[in-house]
Structure formats: structure tokens, C-alpha cells
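Each chain is listed here by its residues.
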Amino acid sequence: LQCSGAGPRGRFGHSATVVSRGPGSSAVMVVHGGKVQSGPNHAPDNTTFVLELRNDKPHWRKAEVLNGPGSPVPRWGHSAVYIGDVPTSAAWSSVRNRDIKSGILVFGGDCGGMMNDLMFLDVATETWLPLQVRCKDKPLARRNHTACTSGQHMYVFGGRGGTEDFLQDLWSLDLNSLTWQQLQPRGSIPAARTGHTAVLCQDKMIVFGGFCGTPHVRTFFADVHAYDICTQEWAVVNTTSSPTDPM
């Protein structure tokens, strides 16, 4: 894909979120954070880039994000989901007071220490706003987890915790009240893992892959699990072919 403009430099552990801008406007992909080369090492990054998904002329630009108390610290391994209709509840007053209708919700990540904060990016004005969680219970700080939204909830699964433990817990964030709840699902719960993927398919969250273990002895997963949001139950998805190693 040939893109004009100055795009982001090489990175990993970033987020990429497609944002709809309504009828008559092209969608954009917003890339935030990640780890970038810093001398012989890698360092967390705090930049945000926007890819304008024009019909035949995609164009990169660096977002002129307004810095301030609401700006997230440089991070990688975070999650980012698109909120297409910001709730009107009091929990979102700091966002609604600015007449913001939609944006990107970022959770967690690693800035040299694990985090479990929530940040909101208004794509239209390129402004970051902090969100205050309204409960004492919240997920452990983590990186390389997954997050999916369904209705008025965001579901966070797995990742790697602050003590480098591999996690298999499942949390739900009520997007109206910004309150967390740890779920206690039944069924075949996936093994603890990090670096997996998760997508929403109807009323099911489909989880694939990931790994756990030490740097010297790691287990790489090729299994598929489905979490049924309605019944709160995990199930193994039996695939019809064996995984193939890359050439």
C-alpha cells in the first residue's frame, strides 16, 4: 500500500484502531505508542499517528496531540478500542462537557512499570482526557492483554502482570459507570497467556494463540477459545486442521 506523508517509524507493542468519522468522511486508523529503537535498546513511545484511509490515496500524518495532565505516559503492550457513542452518564462528564461524542479508550500497558489506567483520546480535536474509575476493584496492571467491546461493556482478558506473571483472568468494564467487575466464568477457561488476540463475533469473544513460560522455555499456543457473553461460559473451539509452522 503506497501511503503519502511521514508515517511512524518501526515499532512493536503499539495499538491501531479504526475510527469512523461519519457520512461523507473517510475513516482513519490511529496508531499510538509502542516500543521504538533507542540506541541499542528499545524504549516506550508516546506519539500518535493518523492514517487517513482515503479511497486511493492513504495519507500519514503525526497527530498534534495536546499535551497536559491528561496525556498518557509513553507505553507499549496497551489495548485500544473505539467508543462510537460516548455515554451520557456522570462518569463521562469530563468528556461530555467538551461536546465529545466518540473516541478511543486506552487501557493499561507498560511504561517501565505495568499500568491499569484508562485514557480517552478525542480523535477530532486530538486531545487526551483521563478517566476516573468509580470502584476500588480493578484489574491488575498488565501488558499484552486483549480488550473487546460488546454493547456497553469492555472485556479484558489475560496478559502479563506486574510481577511478570501470566494472567488468565477476565474483567468487564461497564462503560456507562466506568466500574470494573471480575467475572467468574464457567467452562474450559484458557490457560494463562500473553500476546494472544481476541475479536468479537456476535455475542462471543474469540481468543487465539499467545504464549507463556520463561525466556528459555516457552509454550506457544495454537488453540481457539470462545467466551459466550450471554452465558458467561468459555468453550474450546475445535478446528478442522492442524496448525502449520511458517516456512
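Residues numbered from 1 in each chain as written. Predicted model: local features only at pLDDT ≥ 70, side-chain atom pairs only at ≥ 80, totals over all residues. Heavy atoms only, no water.

(A) Inspection of the layout of surface pockets at higher detail. Considered as a void within the structure, the largest pocket measures approximately 370 Å³ in volume. Lining the largest pocket are 17 residues, and of these His-14, His-78, Ser-79, His-145 and Thr-146 lie nearest its centre. Listed by contribution, the elements that provide at least two residues to the lining of the largest pocket are strand 1 (15-19), strand 7 (79-83), strand 12 (146-150) and strand 17 (197-201). With three residues, strand 1 is the largest single contributor of residues to the lining of the largest pocket. Across the lining of the largest pocket, the residue classes tally to four nonpolar, 13 polar and no charged. (1 Å grid on protein atoms, 1.4 Å probe; cavity = no way out; pocket = protein on both sides within 12 Å on 5 of 7 lines; lining within 4 Å. Points joined across faces, edges and corners; volume = space filled by probe spheres on them. Helix = DSSP H or I, 4+ residues; strand = E, 2+ residues; numbered from the N terminus. Nonpolar A, V, L, I, M, F, W, Y, C, P; charged D, E, K, R; others polar.)

(B) A look at the nonpolar core. Grouped together as the largest cluster of nonpolar side chains are 21 residues, with contacts concentrated most on Leu-105 and Met-154. Breaking this core down by element, the ones donating at least two residues are strand 7, strand 8 (103-110), strand 9 (114-122), strand 13 (153-161) and strand 14 (166-174). Counting residues in hydrophobic clusters, the runner-up holds 13 residues, among them Val-28, Ala-80, Val-106 and Met-119. (Core = buried A, V, L, I, M, F, W, Y, C linked by side-chain atoms within 4.5 Å. Buried < 20%, exposed > 50% of the residue type's maximum accessible area, 1.4 Å probe, protein only.)

(C) Representation of the side chain of Arg-193. Locating Arg-193 in the fold gives a position in the loop between strand 16 (186-187) and strand 17. With a relative accessible area of 0%, Arg-193 lands in the buried category. A polar side-chain atom of Arg-193 sits 2.8 Å from a polar atom in the side chain of Asp-223. For Arg-193, the contacting residues outside a window of four places in its chain are Phe-157, Gly-158, Gly-159, Phe-166, Leu-167, Gly-209, Phe-211, Phe-221, Asp-223 and His-225. (Polar contact = N/O pair within 3.5 Å; in protein donor to acceptor, adjacent residues only side chain to side chain. Contact = heavy atoms within 4.5 Å.)

(D) Geometry of the sheet that holds strand 17. Ordered by their spatial adjacency, five strands build an open sheet running 16-22-21-18-17, and the pairing between neighbours is mixed. The strands lining the two open edges of the sheet, one partner per strand, are strand 16 and strand 17. Where strand 18 (residues 204-208) meets strand 21 (residues 224-228), five bridges bridge the pair, whose relative direction is antiparallel. Bridge assignment links Val-207 to a residue of strand 21, and that residue is His-225. (Pairing = 2+ DSSP bridges.)

(E) Inspection of unusual backbone geometry at higher detail. The residue Glu-164 is not glycine, and still its phi comes out positive at about 65 degrees. Its place among the elements puts Glu-164 in the loop between strand 13 and strand 14. Phi is positive for Leu-178, which is not a glycine, with a value near 55 degrees. Following the sequence through the fold, Leu-178 ends up in the loop between strand 14 and strand 15 (179-182).

(F) Structural context of the pairing of strand 7. Taking burial as the measure, the five residues of strand 7 include four buried ones, the bulk of the element. Bridging between strand 7 and strand 8 involves five bridges; their strand directions are antiparallel. Across the sheet, the residue bridging to Ala-80 is Val-106, located in strand 8.

(G) Examining the packing of aromatic side chains more closely. One pass over the full model with this rule turns up nine aromatic pairs. Each ring, one from Trp-92 and one from Phe-120, has its centre 5.5 Å from the other, and the planes form 85 degrees; the classification is edge-to-face. One end of the pair, Trp-92, is in the loop between strand 7 and helix 1 (93-96); the other, Phe-120, is in strand 9, and 28 residues separate them in sequence. Relative to Trp-234, the ring of Tyr-227 lies with its centre 5.3 Å away and its plane at 50 degrees, an arrangement referred to as tilted. Exposure class is identical for Tyr-227 and Trp-234. Each is buried. Pairwise contacts between aromatic rings join Tyr-155, Phe-157, Tyr-227 and Trp-234 into one cluster. Here the basic side chain of Arg-193 rests over the ring of Phe-221, its NZ or CZ set 4.1 Å away from the ring centre. (Phe/Tyr/Trp six-rings, centres within 6.5 Å; stacked < 30°, edge-to-face > 60°. Lys NZ or Arg CZ within 6 Å of the ring centre and 35° of its normal.)

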